[in-house]
Amino acid sequence: MEIMKQFFNDNKLQWKYLLGITTDGAPAMMGCKSGLQTRIKEIAPNVVGVHCFIHRQALATKTLPGSLKTVFNQLVKFVNHIKSSAFNTRLFTKFCSDLDAEHNKLLFYTSVRWLSAGNFLERFFKLRNQVKEFFCQMKSGLVEYFEFDNFEITTAYLVDIVGHFNKLNLQLQRKNTNVITHSYKLKAFIEKLKLYKTRINNENLIMFQNLNGVIGNNMLPKVLKIEILCHLDNLINEFGNYFPDVNLLSSEVIISPFSCDVKNVNEDSQEEFIELKNDTTAKDHFKITPLNNFWLKMRNSYPLCSTIALKALIPFSTSYLCEAGFSAVLSIKTKKRNRLEIDADIRCALSKTKPDFQILIAASSIVFIKAKRTSVNGLLFDFLKYAPFQKGDYKENKVCEDFIQLYVDYI
């Protein structure tokens, strides 16, 4: 908290303008007594706290009923048995290559990575026959699990349902989003789960492609049907528990103010809303202006309505940008470059603005290059040492001029 206060002071920011804070839901962030959100609200009472939608979605989808959880854990054991040994990994890679399989490697499952379960299951399902044959040739006792009742059917269902989770997760991993748009996507997903229940009861598996392919013209086993329906019920309940505010959020006045009924607006701002609704100039702006920009323009003319809208639109709905920053740091600052100062690099990696290198080069009258001529089995040049010089000082040096031109063209 002291670091945040120092940051606000150094950059001359005012706490009263802070509208929202988005966290990943850890107790240190969400705690009701000493959590970060609580401490910030002591300074800025009007702050809206948001629990990251992506983290909540990941938590809501973790629950699996009995037999589904057992099969999932067994699949993890299969992959770990092969990939935990370098010898087994090489053998399996060669085995898949000899069989002309679509892939020759399995993927580890990592619970903290949002898309890991879906990618791990999809790859295993594609190589399930190769894994079974590999265990047979290795005379491993793990092969007997493939003969269990409904093992392949259950695996197919897990691949399909977790694939739907990943699709939703990717929809939430976007820039320029807000709480309202994410609420729409979650409400749509909950409705899909209810539709899946109805289809399962009617023996319709069109939404589960892998399961439908394995079942074919046969009927879904009754035991597994009950498990799937139980799982879908649990998912609906979990999403309801983790997103209790999805159905409470009234967004009609924000998304479509000119078609909204005045009864849906708070009494304090109803009169102002009527004025906005009958403002033809504002209506024309609404048609051609992005939603956020429209309400920002209305701040002076209609402060009450715009305040309601901006409180819902401005706060970040996910911590996606932070996670993208962490990924950029990992890709830039590797083990071999662990002492690298990455302030400028991370700014370039995360900035939306693309630098125009040609203009930057043309604006600079000094080029920081020094050519040093060396000979190693021929004529080589070492340009590892840099020193400033004016281009005009080296007109007689044809080699340096040629290198400078190559350098500029390369940049």
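- Labelled according to an unreviewed UniProt entry, the chain appears under the name Protein FAM200A-like, originating from Hydra vulgaris.

1. A look at the packing of aromatic side chains
Moving on, step 1. Counted under the stated rule, the structure contains 26 aromatic pairs.
Moving on, step 2. A ring pair is formed by F239 and F243, whose centres lie 6.0 Å apart and whose planes are at 15°; its orientation type is stacked.
Moving on, step 3. Given the relative accessible area of 4%, F243 is considered buried.
Moving on, step 4. An aromatic cluster of three or more residues is present, and its members are F78, F92, F95, F124, F134, F135, Y145, F146, F148 and F151.
Moving on, step 5. Sitting over the ring of F108, K83 keeps its end group 5.3 Å from the ring centre.
Moving on, step 6. The cationic tip of R128 hangs over the ring face of F125; the distance from NZ or CZ to the ring centre is 3.9 Å.

2. A short note on the environment of C230
Moving on, step 1. Mapped onto the fold, C230 is located in helix α12 (residues 222-242).
Moving on, step 2. A sequence separation of 166 residues divides C230 from L64, and the C-alpha atoms of the two residues are 9.3 Å apart.

3. Describing the nonpolar core
Moving on, step 1. Grouped together as the largest cluster of nonpolar side chains are 63 residues, with contacts concentrated most on V131, F135, I200, L211, L220, L232 and F239.
Moving on, step 2. The element best represented in this core is helix α9 (residues 151-172), accounting for 11 residues.
Moving on, step 3. Excluding its chain neighbours within four sequence positions, the residues that come into contact with V131 are I82, F92, L106, F124 and F146.
Moving on, step 4. By size, the runner-up hydrophobic cluster in this structure holds 18 residues, among which are V253, L276, A282 and L313.

4. Some remarks on the packing of helix α5 (residues 66-83) against helix α7 (residues 116-126)
Moving on, step 1. One way to put it is that α5 packs onto α7 with a least axis distance of 11 Å and a crossing angle of 70°. Viewed along their axes, α5 and α7 adopt a mutual orientation that is roughly perpendicular. Side by side, α5 and α7 meet where F72, L75, V76, F78 and V79 of the first sit next to A117, F120, L121 and F124 of the second.
Moving on, step 2. Across the contact of α5 with α7, the residue classes tally to 9 nonpolar, no polar and no charged.

5. Description of a nonpolar patch on the surface
Moving on, step 1. Taken together, the side chains of F87, L91 and M138 define a hydrophobic patch exposed on the protein surface, amounting to about 260 Å² of accessible area.
Moving on, step 2. Checked against the element boundaries, L91 lands in helix α6 (residues 86-98).
Moving on, step 3. According to the relative accessible area criterion, L91 is partly exposed, its value standing at 31%.

6. Considering the pairing of strand β1 (residues 20-23)
Moving on, step 1. On β1, burial follows the alternation: I21 and T23 on one face are buried, whereas G20 and T22 on the facing-out side are not.
Moving on, step 2. Where β1 lies against strand β2 (residues 48-51), 4 bridges are found, and the strand directions are parallel. Counterpart to I21 in the pairing with β2 is G49.

7. Observations regarding unusual backbone geometry
Moving on, step 1. One non-glycine residue, N150, lies in positive phi territory at about 65°.
Moving on, step 2. According to the relative accessible area criterion, N150 is partly exposed, its value standing at 26%.
Moving on, step 3. At E203, a position not held by glycine, the phi torsion is positive, near 60°.
Moving on, step 4. Inspection of the secondary structure assignment puts E203 in the loop between α10 (179-201) and α11 (209-215).
Moving on, step 5. Judged by relative accessible area, E203 falls into the partly exposed class, the value being 31%.

8. Points about the side chain of Q57
Moving on, step 1. Here Q57 lies in helix α4 (residues 53-60).
Moving on, step 2. The exposure class assigned to Q57 is buried, which follows from its relative accessible area of 2%.
Moving on, step 3. Residue contacts for Q57: discarding those within four places in its chain leaves F165, L168, N169, L172, F239 and F243.

9. Focus on the pattern of salt bridges
Where side chains of opposite charge bring their charged atoms close, a pairing between them can arise.
Moving on, step 1. Counted by the stated rule, this structure contains 8 salt bridges.
Moving on, step 2. For D233, the salt bridge identified is with K197, shortest N-O distance 2.5 Å. With D233 in helix α12 and K197 in helix α10, the pair connects residues that are 36 residues apart, well separated along the chain.
Moving on, step 3. Residue K197 is classed as partly exposed on the basis of its relative accessible area, which comes to 22%.
Moving on, step 4. Here K225 ties to E203 by a salt bridge, and the two come within 3.0 Å at their closest N and O atoms. Linking K225 in helix α12 with E203 in the loop between α10 and α11, this pair joins segments that are 22 residues apart in sequence.
Moving on, step 5. Its relative accessible area of 18% is what places K225 among the buried residues.

10. Considering helix α8 (residues 128-137)
Moving on, step 1. For α8, the complete set of buried residues consists of Q130, V131, F134 and F135. Seen end-on, α8 carries its buried residues on one side only, within an arc spanning 135°. Of the exposed residues in α8, those oriented more than 90 degrees away from the buried face are N129 and Q137.
Moving on, step 2. Tucked inside the fold, the buried residues of α8 contact α5, α6 and α7.
Moving on, step 3. K139 sits one or two residues past α8 and shows a positive phi near 55°.

Thresholds applied
- Every chain's residues receive numbers from 1 upward, in the order its sequence appears when written.
- At least 70 in pLDDT is required for a residue's local features to be given in this predicted model, at least 80 for side-chain atom pairs to be given and counted, and no such filter applies to totals for whole chains, interfaces and linings, which use all residues.
- As a rule here, side-chain values cover all heavy atoms of the structure and leave hydrogens and water aside.
- Two rings from Phe, Tyr or Trp (for Trp, the six-membered ring) form a pair when their centres are within 6.5 Å of each other. A pair whose planes differ by under 30 degrees is stacked, one over 60 is edge-to-face, and the rest are tilted.
- Each residue gets one of three labels from its accessible area relative to the maximum for its type: buried under 20%, exposed over 50%, partly exposed in between, using a 1.4 Å probe on protein chains only.
- Charge-over-ring placement is defined geometrically: NZ (Lys) or CZ (Arg) within 6 Å of the ring centre, and within 35 degrees of the ring normal.
- Helix numbers and strand numbers start at the N terminus; a helix is a DSSP run of H or I with at least 4 residues, a strand a run of E with at least 2.
- What makes a nonpolar core is a set of buried Ala, Val, Leu, Ile, Met, Phe, Trp, Tyr and Cys residues whose side-chain atoms join them at distances within 4.5 Å.
- It only takes one pair of heavy atoms within 4.5 Å for two residues to be counted as in contact.
- Comment: axis = line fitted to C-alpha atoms, over the contacting stretch for helices; angle = value between 0 and 180 degrees taken between N-to-C directions.
- Note on angle classes: values under 35 degrees are labelled roughly parallel, values over 145 roughly antiparallel, values of 65 to 115 roughly perpendicular, and the remainder oblique.
- Think of it as three bins: nonpolar holds Ala, Val, Leu, Ile, Met, Phe, Trp, Tyr, Cys and Pro, charged holds Asp, Glu, Lys and Arg, and polar takes everything else, Gly as well.
- Surface patches are defined over residues having more than 30% relative accessible area and no salt bridge, joining like charges when they lie within 9 Å and nonpolar side chains (Val, Leu, Ile, Met, Phe, Trp, Tyr) when within 5 Å.
- Using the Shrake-Rupley algorithm and a 1.4 Å probe, accessible areas are obtained, with residue cover drawn only from the displayed protein chains.
- Only one rule defines a salt bridge in this text: a Lys or Arg side-chain nitrogen within 4 Å of an Asp or Glu carboxyl oxygen.
- Two strands are said to pair when DSSP picks up at least two bridges between them.
- Read the arc as the range of directions from the helix axis to the C-beta atoms.

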